[in-house]
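Reading the structure
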Amino acid sequence: MKNICVAHSPDADDIFMYMAIKFGWVNSSNLSFSNTALDIQTLNEFALSGRFDVSAISFGLYPLIYEDYALLRTAVSFGEGYGPKLIKKKGTNLKPNFKVALSGANTTNALIFRIAYPKARIIYKNFLDIENAVLSGEVDAGVLIHESILDFSPTLCVEREIWDIWSELNGQNLPLPLGGMAIRRSIPLSDAIECEKILTKAVLIANNHKQILSKMLIERNLVRVDDDKLKIYLNLYANESSISMNETQIKAVNKLFELGYKNGFFSNQIYAEPNFVPQEYLDFRMT
């Protein structure tokens, strides 16, 4: 059987959406799967060099890799009124050129932040180190992502929600496109279609058995949060809207690409739809 290496982040939502495959709840007749967990910016960097067959990526990266990777419709994370948070110490005021820690140059939150704060002085850190960088005074502010948004020091406060910036930029009340999955275009199309089918089924089964799977993740120490926070986090980022992108989500992704292009971060204006794996190929082949 042909093996497909799936790279995802160690964050609770990515782990949750992949584990139905790892636990043997979903399988393929002609593909086997292995997995690697790395932080999202590392995954973005590896995607630029084509390291993995299938990889979780920030949607803010995709226009830089679209020639080598197609987009998958499944295992996506969107913010619906929530998302990353720009935090600072309580009682402080940020100057226009404040120093800020972001989780990676190619993340969606970095793209939106850089559009909103063009004068900010940016350094990049592992997202787990951002809170401490603010607390220590190394930076004036930082953007928290993933589980970090659920629990941070009471000496810190939210300066601005990335969701609010996104809402102002898109003007259409669109969900915030954070993370998705991409598959190498060099993979045979029939295999790519099968891969998307299996991954979609894995996310569907995970959502249908959320309580059981969540308990297994906690018992095996596969996530960094406790049971209560895991429940909250999965409801935010691994839910029914993660199974397969709908029209509103696709519209949001296209808007993100448009904003990145118009603000000079991408050299081409691209759209999601032409870059999806063409599932209709098998139907054409069978006729």
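To keep things clear, this report deals only with the structure shown in the data block. Since this is a predicted model, take the numbers as computed values, not measurements.

What follows concerns unusual backbone geometry. In the Ramachandran plot, Ala 75 falls in the positive-phi region, its phi being about 55 degrees despite a non-glycine side chain. Along the polypeptide, Ala 75 turns up in strand β4 (residues 69-79). The phi dihedral of Asn 173 falls on the positive side, at around 55 degrees, and the residue is not glycine. Here Asn 173 shows up in the loop between α5 (162-170) and β10 (176-184). For Asn 173, a relative accessible area of 63% puts it in the exposed group.

Let's shift gears to the packing of helix α3 (residues 108-116) against α5. Running from amino to carboxyl end, α3 crosses α5 at an angle of 65 degrees, the nearest separation of the two axes being 10 Å. On the basis of their axis angle, the class for α3 and α5 is roughly perpendicular. When the axes of α3 and α5 are compared, the crossing they make is left-handed. Listed contacts from α5 to Ile 112, Ile 115 and Ala 116 of α3 are Ile 162, Ile 165, Trp 166 and Leu 169. When its residues are assigned to classes, the contact of α3 with α5 shows seven nonpolar, no polar and no charged.

Moving on: the layout of surface pockets. Looking at the largest pocket, its volume works out to about 170 Å³. Every residue along the wall of the largest pocket is listed here: Phe 127, Leu 128, Glu 131, Leu 144, Glu 147, Ser 148, Asp 151, Arg 224, Val 225 and Lys 229. Across the lining of the largest pocket, the residue classes break down as four nonpolar, one polar and five charged.

The rules we used
- Residues numbered from 1 in each chain as written.
- Predicted model: local features only at pLDDT ≥ 70, side-chain atom pairs only at ≥ 80, totals over all residues.
- Heavy atoms only, no water.
- Helix = DSSP H or I, 4+ residues; strand = E, 2+ residues; numbered from the N terminus.
- Buried < 20%, exposed > 50% of the residue type's maximum accessible area, 1.4 Å probe, protein only.
- Axes fitted to C-alpha atoms, helices over the stretch in contact; angles between N-to-C directions.
- Parallel < 35°, antiparallel > 145°, perpendicular 65-115°, else oblique.
- Left-handed = near helix turned anticlockwise from the far one by under 90°.
- Contact = heavy atoms within 4.5 Å.
- Nonpolar A, V, L, I, M, F, W, Y, C, P; charged D, E, K, R; others polar.
- 1 Å grid on protein atoms, 1.4 Å probe; cavity = no way out; pocket = protein on both sides within 12 Å on 5 of 7 lines; lining within 4 Å.
- Points joined across faces, edges and corners; volume = space filled by probe spheres on them.

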